Amino acid sequence: MRPEDVINVESYPIADPDSPALARLIAQLSKDLADNQYCSLSGFIRPQALERAVADARAARSQAHDNNARRNCYLHREGDPALPADHPRNIMNDTSTRMIAYDLLPQDSPLKTLYHWDATRQFIAAIVGEDELYDNADPFQPVNVLCAEKGDQSAWHFDSGNAFTMTLMLQVPGAGGEFELVPNTRSDTDENYDYVHDVLTGKRIDDAVGVAREPGSLCIFRGCNSLHRVTRVESDPMRIMAVFVYERQPGVIGDPRVNANIYGPRACGQLRL
Ligand SMILES: O=C(O)CCC(=O)C(=O)O
Ligand SMILES: [Fe+2]
């Protein structure tokens, strides 16, 4: 598939940088991102590309790594014994996802076509306010597909490292699997532990924004300072979500120990250091 056959370029004219419609779109999405800490691009990919991406995910499902962990919202599997038991760093929750790494997706995957297209990268850079973004160079990380089956959930957490996270919904379950976000739970200068504690313990559930996600919609969110979660999947079919990682520098690869946690032991062995 050509990039124009994957992306709905009628609604999102990203290959036409001089288009006034594109400029308006970028301005609106940047504003949404600044105001709400997320923005949504519904119908970003075409139905045929969506169908193919779902079929690829189903085919790769048996090779996915079952990434089941008990962790705090800072993505650590260990708490801090020096802190009280109810400190956010000591509140542990279960997260379970079936991880399909980049190398398990076909070379001609529509998700890879979308990701590696210069027009996509430049469009996303404009929305998030970066002069330039680069593809991630890790063998496993650039594009992942996360499957969540009945009983799976991703507990409240902050993303680490990246200034933004980009996801594309491929398939929604019959019930559950909702994406929720509490905008600006903390800041770069204030961990805001009391508030984080209240979100983790359900006291501030009214502050959680449910982000509607129909298949084919792209979402960009600032997950570093906004707690977010995926609620437990309650029924079939499995939730299928693609995650794309762009970088601020060229040549970024993952730490093999982190990769082994996410993708399984093979991710340690395969990396040539
Ligand atoms: O599956 C989702 O909707 C969000 C996944 C997520 O939290 C992440 O990729 O950081
Ligand atoms: Fe996240």
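Residues numbered from 1 in each chain as written. Chains lettered and ligands numbered in written order. Predicted model: local features only at pLDDT ≥ 70, side-chain atom pairs only at ≥ 80, totals over all residues. Heavy atoms only, no water.

### Notes on the coordination of the iron ion (ligand 2)
To be explicit about the condition: Donor criterion used throughout: N, O or S atom within 2.8 Å of the metal, extended to 3.2 Å for Na, K and Ca. Water excluded; incomplete-looking sites may result. The numbering of helices and of strands both runs from the N terminus, where a helix is a DSSP run of H or I of at least 4 residues and a strand a run of E of at least 2. Buried, partly exposed and exposed residues are distinguished by accessible area as a fraction of the type maximum, computed with a 1.4 Å probe on protein chains only: under 20%, between the cut-offs, and over 50%, respectively.
Looking at the iron ion (ligand 2), the protein donor atoms are H157 (NE2), D159 (OD) and H228 (NE2), and they sit 2.1 Å from it. Along the chain, the residues donating to the iron ion (ligand 2) fall in the pattern H-x1-D-x68-H. Of this pair, H157 sits in strand β6 (residues 154-157) while H228 sits in strand β11 (residues 227-230), and the two are 71 residues apart along the sequence. Judged on exposure class, the residue H157 and its partner H228 are both buried.

### Section: the site of ligand 1
Quick note on the threshold: The criterion for a residue being near a molecule or strand is simple. One of its heavy atoms has to lie within 4 Å of it. N or O atoms closer than or at 3.5 Å make up a polar contact, with two conditions inside protein: a donor-capable atom paired with an acceptor-capable one, and, for residues adjacent in sequence, both atoms drawn from side chains. Every accessible area reported is derived by Shrake-Rupley at a probe size of 1.4 Å, with residue values counting cover from the shown protein chains alone. All amino acids are sorted into three groups, where Ala, Val, Leu, Ile, Met, Phe, Trp, Tyr, Cys and Pro are nonpolar, Asp, Glu, Lys and Arg are charged, and the leftover types, Gly among them, are polar.
Around ligand 1 lies a shell formed by H157, D159, T165, F179, H228, V230, R239, M241 and V243. Between ligand 1 and H157, the relevant distance is 3.1 Å, taken from an oxygen atom to a side-chain nitrogen or oxygen of the residue. When the free accessible area of ligand 1 is taken as 290 Å², the share hidden by the protein chains comes to 89%. Mapped by element, the contributors of at least two residues to the shell around ligand 1 are β11 and β12 (239-244). Classifying every residue of the shell around ligand 1 by side-chain character gives four nonpolar, three polar and two charged.

### Comments concerning the nonpolar core
Rules: We call a set of buried residues a nonpolar core when its members are Ala, Val, Leu, Ile, Met, Phe, Trp, Tyr or Cys and they connect through side-chain atoms within 4.5 Å of each other. Residues count as neighbours in contact if any of their non-hydrogen atoms are within 4.5 Å of one another.
Judged by nonpolar contacts, the single largest core of 49 residues is most densely connected at F123, I124, L170 and F244. If near-sequence neighbours (up to four positions away) are discounted, F123 is found in contact with Y12, I14, L22, L25, I26, L29, L41 and F44. Counting twelve residues, the second largest nonpolar core, distinct from the first, contains C73, Y74, I91 and L200.

### Side note on the sheet that holds strand β8 (residues 179-182)
Formally: The pairing criterion is simple: DSSP has to find at least two bridges between the two strands. Convention adopted: a line fitted to C-alpha atoms gives each axis, helices being fitted over their contacting stretch, and angles between N-to-C directions are expressed from 0 to 180 degrees.
One open sheet accounts for four strands, arranged β6-β11-β8-β9; its pairing is antiparallel. Only two strands of the sheet have a single partner each, and these edge strands are β6 and β9 (209-211). Across the sheet, the mean angle from the axis of one strand to that of its neighbour is 20°, orientation sign disregarded. Inspection of the sheet shows β6 paired to β11 by two bridges, in the antiparallel sense. Residue pairing in the sheet places S154 in a bridge with V230 of β11. Sheet strands in contact with helix α6 (residues 193-200) are β6, β8 and β11, and its direction is about 15° off that of β11.

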